[in-house]
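Residue strings, one per chain:
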Amino acid sequence: MPYDPRQVETKWQAYWQKHRVFRSEIDPSKPKFYALDMFPYPSGSGLHVGHPKGYISTDVLARYKRMRGFNVLHPMGWDAFGLPAEQYAIETGTHPQETTARNIEVFKRQLQALGLDYDWSREVNTTEPSYMRWTQWIFRKLYERDLAYLAEVPVNWCPALGTVLANEEVIDGKSERGSHPVVRMPMRQWMLRITAYADRLIDDLDEVDWPEAIKKMQRDWIGRSEGARIVFDVEGRGGNQIEVFTTRPDTLFGATYMVLAPEHPLVEEITSGDARDAVVAYVEQTARRSERDRIADTFEKSGVATGATALHPITGARLPIWIADYVLATYGTGAIMSVPAHDERDHAFARRFALPIIEVVAGGDDVQAEAFTGEGAAVNSDFLDGLHTAEAKRRICEWLEDSGRGEASVSYKLRDWLFSRQRYWGEPFPVLHLEDGSTTLVPEDDLPVLLPELDDFKPTGEFEPPLGRVKTWVETTDPATGQPARRDTNTMPQWAGSCWYYLRFIDPTNDMEPWSREAEQYWMPVDLYVGGAEHAVLHLLYSRFWHKVLFDLGLVHTKEPFQKLLNPGMILGYSYRYFDDDLADEKPADARVYAANEVELRQGTPRHRESGEELKARWVQAADVRFVGETPTHPTLDLELEVVTEKMSKSRGNVVNPDDVIEKWGTDTLRLYEMFMGPIEKGAPWSDESIPGLARFLQRIWRLFVDDAGALAPLAEGAGSDAQARLLARTIRDTTDDFEGLRFNTAISKLMVFVRDVADDGPMPREAAEAFTKLLSPLAPHLADELWERLGHSGSLARETWPEPDSSKLVEDTITLVAQVNGKRRDEIEVPADADEATVRAIALASEKVQQHLGGREPSKVIVVPGRLVNLVG
RNA sequence: GCCGGAGUGGCGGAAUUGGUAUACGCGACGGACUCAAAAUCCGUUGCCCCUCGGGGCGUGUGGGUUCGAGUCCCACCUCCGGCACCA
């Protein structure tokens, strides 16, 4: 009777659900383990096989930890606000709520089909009033601590989406979603003061067990740099001053000109009459240039002189003031003192515009030819002369402070977080705008502020967000004063809900507070957080920021929310590509098509190899590809397709649906395959051809336990032969190590070895059979529970105890060593496990093969590596 | 350009602190069972040479350290990821 996964898997999934096997409650008598997956946005296309890799990993570990006696919390929920549902609403008029509910249903069914051990009683949904209420409640806390403020800031306005985008949502001047053009516009926006936490966000990274690469990305993103602020007077403009930030205040004497960002507020004021036209033109040109253009010619500096002059704070030297787009308005003070001798960018600019270059740090070659950015002794620097860079920095900062011309200062790349969006499908802000222009909070008792109903989800196209259309919602009264008030028509970004969901999971139905102190004390922090590296900076930085604010409020007891972080590598798919010249996507009948070998990529743009004409990549759905022999070919044209391995996505036609895999092979096979593909952190292409190997493994296990008639196969009583007992002990020890180290691929290979060898010298012993089902159960829980039951037990292995290896079976009497002569393997020798060097040497010298290769010489040196090898050098 | 990470059979990948390179799986080939096929089981499978005992070469490339290097050092090549004038 062959193994029928469908029947067994359905049976056990129903059992787990009925008996609430994965329900977790606070239990102070047990250590806790909080395993968390990054909760998904329930998109309309459902899951592909890439998504569950991380979920399966946490599931395997959670099941393992539970059997090791931990009280495991492993919840799942929905990050359900988001642009796609709103876009869909704009196109079809379907309310996002409806779309979202439908998508969640599909996702949940797919996740349940994977046999994941979620405690579904803790399911959360960021769009539900009972959740949104507390998101708004946290916003109130931020506001009360002056961490939320309104500001007029230039924002990335995307007319097509009718919304403002965060900097990180804009790529090459286009929206990350949909690639629509984005323009910079000043707008009144909610900002969160994340910069106030910059230092702590850097420093506390030392406390967490995260991949170094991710920590580094966060540090770089925050971009702390130490230096000084220095004030320069503008000549002849009573009182006008330019403040600059520099990391090299020691080079102050080398400053030969000043540069302002074109957007700098002083530009307008200080520009002299005859420079005005050129300056205005340059400012306009900069505003028009896309970010992509500006990056493209990083080495070609441009700029214009303003005609104004600054005065050196020490020497009084006259420094011409320029504007140039290599100075960024948003970093530091938006202005620099330029030291061309010791900064490459300043050097390039000075050369371009023939500005003077003065050496003030010794150690470089000819600073007229090339900037010297290293450290050294100060020269041409008055009272700094002879001081090394670090000391010179200290001295000049003292001078600046004493004379009131500046001070030591720290600057960050990190900017405050633009926290409002002009969308419908998000959390409304719990604030009221009063007639006098002031802002007040909606009282705690009136939360949540719910979204009004809306018939038309289209952006207004103006700066008015969709919520602005609902006058009856916007116009209200301030409950404190009875005055007329207007609600805020912005909504929060998608990050808001995901910033704190891990805290709601610990106490998801609490309607008195967002979570109880008791639950927080017990469950936090998250012990293992698993999710894609694409969230390396944004989500992880934002939630760390909120967590620190909650820490300061005494609402959480750990500085950091996520103790250990794991980024599963992506599962890739094979996609099939060609090119055509239909750049505008008009699909004309006469569009010319090209195979990959006629095309080359130039600066990321595909172009025809010969003509240089720009082309566009097209993909054929994997299912539609025609194979001519081995060659993938276009379904209707005689055109060879290029095989590309890339991230699975609908548009590339390379997605594999887990439902199909489960239908054909069963869930346990899918789980094993994904865990067997390689190390979790590594990405690998999906291969249908490898799956049968794992299905065969499960069949082999089944036949080991179940005979042809479907009855339990005969088992040897007890521990079986010595070899069997040793095999079992080794398998327990090694797979346990692998589970602890999250090396599920090698754990599986050890289970395969066990299955291959256990019945070599007689029927499998009962002890081995029982222990094996336990070792198998985190990975293939359905089959394991079924076998456990057939062994005469009742209930699920989920609540059983992990086996311990019999340590007496782990020590060997004799061991095999490799005998090398001059570093080359020549023979294997058997030695007593406790043999000393002399014994090993004697046994090795007794080997015929060793003697043959020594050629009668006496070894001059003998190296014995205990338990490994003996090397005779002669 | 800068910063990370990785290059091991036809393929996915194993390999304590430097200590038998290629475990396990896929694929391929041969065999058993079968009227036949599927399924299953057994065997072979890095490359080259061989008198069938064995020998030589092999972890991206070129050097080095060492009794011994996939692992350490130097230089380089390729791929993947991140950042992109951050003063």
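Residues numbered from 1 in each chain as written. Chains lettered and ligands numbered in written order. Predicted model: local features only at pLDDT ≥ 70, side-chain atom pairs only at ≥ 80, totals over all residues. Heavy atoms only, no water.

S.K.: Would you take a moment to explain the overall build of chain A for this structure?
M.R.: Helices and strands together make up the secondary structure of chain A, namely 26 helices and 34 strands. For chain A, the spread of C-alpha atoms along the principal axes amounts to about 100 × 85 × 70 Å. Of all 874 residues assigned to chain A, the portion counted as buried reaches 52%. For chain A, the proportion of contacts with a sequence separation of at least 24, taken over those separated by at least 6, is 70%. Carbon together with sulfur atoms contributes 49% to the accessible area of chain A, which is approximately 39,400 Å² in total. Separation between the mean location of the 99 positive side-chain charges and that of the 139 negative ones in chain A comes to 2 Å. (Helix = DSSP H or I, 4+ residues; strand = E, 2+ residues; numbered from the N terminus. Buried < 20%, exposed > 50% of the residue type's maximum accessible area, 1.4 Å probe, protein only. Contact = heavy atoms within 4.5 Å. Areas by Shrake-Rupley, 256 points an atom, 1.4 Å probe, with all protein chains shown as cover. Lys, Arg positive; Asp, Glu negative; His and termini not counted. Charge placed at Lys NZ, Arg CZ, Asp CG, Glu CD.)

S.K.: Whenever I open this one, the confidence of the model for chain A confuses me. Can you help?
M.R.: It should be kept in mind that the predicted coordinates are not to be read in detail where pLDDT is low. Chain-level statistics for chain A give a pLDDT mean of 89 and a share of 96% at 70 or above. Least confident of the elements in chain A is helix α10 (residues 291–296), whose mean pLDDT is 56; most confident is helix α15 (residues 501–504), at 98. (pLDDT = per-residue confidence, 0-100.)

S.K.: What should I look at first to understand the environment of L111 in this one?
M.R.: Within the secondary structure, L111 sits in helix α4 (residues 96–113). Here L111 falls in the buried class, since its relative accessible area comes to 1%. A sequence separation of 35 residues divides L111 from M76, and the C-alpha atoms of the two residues are 9.6 Å apart. Beyond its immediate stretch of four places on either side in the chain, L111 contacts L47, Y55, M76, W78, L116, Y118 and W120.

S.K.: What is the right way to look at the protein's contact with RNA strand B in this model?
M.R.: Among the 51 residues in the neighbourhood of RNA strand B, the closest are listed as T247, Y331, R345, R756 and R868. The share of sugar and phosphate among atoms of RNA strand B within 4 Å of the protein is 59%. M677 is positioned such that a nitrogen or oxygen atom in its backbone is 2.6 Å from a sugar or linking oxygen of RNA strand B. The side chain of Q820 places a nitrogen or oxygen atom 3.5 Å from a base nitrogen of RNA strand B. If you tally residues by element for the surface near RNA strand B, the top one is helix α22 (residues 744–757), at six residues. The class makeup of the residues in the surface near RNA strand B is 19 nonpolar, 13 polar and 19 charged. (Near = heavy atom within 4 Å. Polar contact = N/O pair within 3.5 Å; in protein donor to acceptor, adjacent residues only side chain to side chain. Nonpolar A, V, L, I, M, F, W, Y, C, P; charged D, E, K, R; others polar.)

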